[in-house]
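Examination of the molecular architecture
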Amino acid sequence: MKHHERWMRVALELASATRGQTSPNPMVGAVVVKDGRIVGSGAHLKAGTPHAEVHALNMAGEQAKGATIYVTLEPCNHHGQTPPCTEKILSSGCKRVVLGAKDPDDRVAGSGIRRLREAGLEVIEGVLEEECLRLNEAYFYHRRTGLPFVTLKTAMTLDGKIATSTGDSKWVTNALSREQVHYMRHWHDAIMVGIGTVLKDRPRLTTRLPGGGKNPIRIVADSQLRIPLDNPLTNTKEAPTWIFCTDEADKTKEEKLRERGVKVIRTGSGPRVDLVQAMTHLGEQGVLSVLLEGGGELNWSMLKASLIGKVVTFIAPKLLGGRDSITPISGRGFEKMSLALELENITVERFGEDLCITGYPKYS
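Remember, predicted model here, so these are calculated numbers, not experimental data.

On to the sheet that holds strand S12 (residues 310-316), then. Ordered by their spatial adjacency, nine strands build an open sheet running S10-S9-S8-S7-S11-S6-S12-S14-S13, and the pairing between neighbours is mixed. Strands with a single pairing partner mark the edges of an open sheet, and in this sheet they are strand S10 (263-266) and strand S13 (343-351). If you compare each strand with its neighbour and ignore which way they point, the axes differ by 20° on average. Bridge count for S13 against strand S14 (residues 354-361) is seven bridges, and the pairing is antiparallel. Among the inter-strand pairings, Leu343 is bridged to a residue of S14, identified as Pro361. Across the face of the sheet, helix H7 (residues 175-187) comes into contact with strand S6 (149-157), strand S7 (190-194), strand S11 (289-292), S12, S13 and S14 while running at roughly 160° to S12.

Structural data, given as structure tokens:
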């Protein structure tokens, strides 16, 4: 099994290199191996273009006969925007297929594996499955729930502050951490904030990397449409802006926002935006992943509604103090320590002197 893991890691590296550019499709990598060497490799680059298996097999050519193909995700077995990868594999002459994870898409869901086995090929499943599932966690979550996978990103001092009592927050973390956040924006389909952040910081919520990057859809929770018409987010030439409000929001203001290209979605008659309804709408629109960069109130509301799938916290080695300094998650909070939401599958990285802790909420 170790030699299978070796080649699957190569396929995973190929897939991860496309992070941020394949949605709503998953990231997939493939390598064709014969006599202990790679004769073909490839990754899916963009929805509507050839899949990873096709790139790898085209590169391998005649050398694919009798070879093993390693794929991070089960090959498709249906006609979509591209032909079935199972037929490409069968016509190539490969004798063995090694897979990382099954595809939960209803159009695949094991049918690719069955087709290959029925044709006489050896199929080995579950090689580095956990890594393959983690790579496409947003895709798998969306297929399972219909909702986007939400990552809560916060940046705070060592004593848990994101800004002073006056709201000054530039900068909590160092340049390396801030650059990593822009990579995260590039990787996600959408970025979300509350109206408080919009009014205080006037953020652009775009991706600013040295080599360029993809701008996510900008999502704002603004129950009463308080966003000023001259706010940077109403300039939709840079990136799309979608605002979720309630039925009580001013219809004239909505029309003026729509004239600027802003999409306005109403979520019912309550005093606040119905976040579950908002996430459901995003999922229906094919948004697989959301980077939540909200203020404390929105972060708490999303957490309380069990809508956050991952937490990424950057911690700067600074002490700010202040009883009125601002924290990453506010709201009412849990009343007992025993009720605190725990995180699991923790990883820790360093960006210069900053720490970055990533974990997954353990909802009961």
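Picking up after the structure, the text goes on.
Any two side chains of opposite charge can pair, so long as their charged atoms come close to each other. Under the counting rule described, the total for this entry stands at 17 salt bridges. Close ionic contact of Glu62 with Lys65 constitutes a salt bridge, the shortest N to O distance being 3.0 Å. Its relative accessible area of 60% is what places Glu62 among the exposed residues. Between Lys102 and Glu125 there is a salt bridge; the shortest N-O distance is 3.9 Å. Highlighted residues: Lys102 in the loop between strand S4 (96-101) and helix H4 (111-118) and Glu125 in the loop between strand S5 (122-124) and helix H5 (129-135), separated in sequence by 23 residues. Through salt bridges with shared partners, a single network forms among Lys102, Arg117 and Glu125.

What counts and how
- Starting from 1, residues in each chain are numbered consecutively following that chain's sequence as written.
- Reporting of local features is limited, given that this is a predicted model, to residues whose pLDDT is at least 70; pairs of side-chain atoms are given and counted only at 80 or more, and all residues count toward the totals for whole chains, interfaces and linings.
- Calculation of side-chain values draws on the structure's entire complement of heavy atoms; hydrogens and water are dropped beforehand.
- Strand pairing is defined by DSSP finding a minimum of two bridges between the two strands.
- Secondary structure follows DSSP: runs of H or I at least 4 residues long count as helices, runs of E at least 2 residues long count as strands, and numbering of each begins at the N terminus.
- Every axis in this analysis is a line fitted to C-alpha atoms, fitted for helices over the stretch in contact. Angles between the N-to-C directions lie between 0 and 180 degrees.
- Two residues form a contact once any of their heavy atoms are found within 4.5 Å.
- Salt bridge, as used here, is a side-chain nitrogen of Lys or Arg placed within 4 Å of a carboxyl oxygen of Asp or Glu.
- Think of it in three bands: with a 1.4 Å probe and only protein chains considered, a residue is buried below 20% of the maximum accessible area for its type, exposed above 50%, and partly exposed in between.

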